[in-house]
Amino acid sequence: SCGFFAVSGEFFSNSTTTNLLHLLRMSLSVCTTKAAQIDTVLEQLRQHVLNLKSKGTLVKDTSTYKKQLLVENERLQKQVEDLKRQLIDVEMMNGRKQVISSSESKSDGPIKSDPAKAQPVTPIPVNTKAATPGAKDNKKKAAKKQQARPAQQPASLPVDVSRLDMRVGFIRSAKQHPDADGLYLEEIDCGEAEPRQVISGLVRHIPIDQMQQRPCVVLCNLKPAKMRGIMSHAMVMCASTPEKVEILDPPSGSKPGDKVTVEGFSGTPDQQLNPKKKVFEAIQPDFLVSPEGHALYKGVQWKINGQFVTAPSMRGCGIK
């Protein structure tokens, strides 16, 4: 009634007692929670152990399944071998020879045929008469195409002066092109059975009287080109600037058809330059007339029979 009571010889008020009960309840709740958490962890451990045990069982099951597959594979191999032997028997009954590889002869042994089991196979007829004319025509067309194709040069040929067929030429005659004021129509002996017809744009640089009966250097393996309606079959090589042009002079004593050589470049000229490949266009920028008047390719003199090709008076210019 007075609001106090004794615990272990000590006196407490009612309010203090209420606080103590509250603390006890909270401690009990915490302990209960911790116990639940421990139960959860234990359950997880149990599940983990069960999983490990089940995996061990799965490995055993996989090993058993592998053995079953091996047995099934052997059975299928035997079926395949039986079918192969039946096929061979049928082929031998129909007269087809059998060729046995070394690996088959070692593993399978000799092949025996059983005529009683084999069944004849009817061959499929082939109408060879109907196919023959077309095949002959195709062969003829292919042969004609092969003959019509020009000889092709290997793709690995170097692009240098050895690809050019340059020779001594002799201009027998020159006249004005009938349809072009700036062009000469020339007849040039290049050491062949017949002279070549050549068209040159030299009217503004060289008088026509200096174009008669004179030696020159001619590029002979260009593809023939039509110039104002007339075919040109070569090109006269000249020392050249925008203001002046001179025909190159071969050495004295040379004759039509003598070859131009450049030391260090000893390849075989193309039979005919392919204009699409731009071979001459790639080589020409390295042509030059030296201060001594010698025609050069990459600093090396052009020679005919061991003597130099020269320009009459021009120096330090290009060659076209």
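Enquirer: Quick question: what am I supposed to make of the sheet that holds strand 10 (residues 238-240) here?
Expert: Each strand in a sheet pairs with another by means of backbone hydrogen bonds, the pair being arranged parallel or else antiparallel. One open sheet holds the three strands; their spatial order is 11-10-17, and the pairing between them is antiparallel. If you trace the sheet from one side to the other, it starts and ends with strand 11 (245-247) and strand 17 (318-319), each paired once. In this sheet, strand 17 lies alongside strand 10 in antiparallel orientation, the contact comprising two bridges. Across the sheet, the residue bridging to alanine 239 is isoleucine 319, located in strand 17.

Enquirer: Would you explain the packing of aromatic side chains in this entry?
Expert: In this description, a pair of aromatic rings is defined by centroid distance and the angle of the planes. Inspection of the entire model under this criterion finds three aromatic pairs. Between the aromatic rings of phenylalanine 265 and tyrosine 297, the centroid separation amounts to 5.0 Å while the plane-to-plane angle is 75°, which identifies the pairing as edge-to-face. A residue pair is termed long-range when its members are at least 10 positions apart, and phenylalanine 265 in the loop between strand 12 (261-262) and helix 4 (279-283) and tyrosine 297 in strand 14 (residues 295-297) qualify at 32 residues. Among the aromatic side chains, those forming a connected cluster through ring pairs are Phe265, Phe287, Tyr297 and Trp302.

Enquirer: Any chance you could explain the nonpolar core here in plain terms?
Expert: Where a protein is soluble and globular, its nonpolar side chains tend to be buried together. Within the largest apolar cluster, 26 residues are counted, with the highest numbers of intra-cluster contacts made by Leu164, Met166, Met237, Leu248, Phe287 and Trp302. Contributing elements (two or more residues each) for this core: strand 3 (166-176), strand 6 (214-219), helix 4, strand 13 (287-289), strand 14 and strand 15 (300-304). If you tally residues by element for this core, the top one is helix 4, at three residues. By size, the runner-up hydrophobic cluster in this structure holds 17 residues, among which are Tyr184, Val218, Ala234 and Cys238.

What counts and what doesn't
Residues numbered from 1 in each chain as written. Predicted model: local features only at pLDDT ≥ 70, side-chain atom pairs only at ≥ 80, totals over all residues. Heavy atoms only, no water. Pairing = 2+ DSSP bridges. Helix = DSSP H or I, 4+ residues; strand = E, 2+ residues; numbered from the N terminus. Phe/Tyr/Trp six-rings, centres within 6.5 Å; stacked < 30°, edge-to-face > 60°. Core = buried A, V, L, I, M, F, W, Y, C linked by side-chain atoms within 4.5 Å. Buried < 20%, exposed > 50% of the residue type's maximum accessible area, 1.4 Å probe, protein only.

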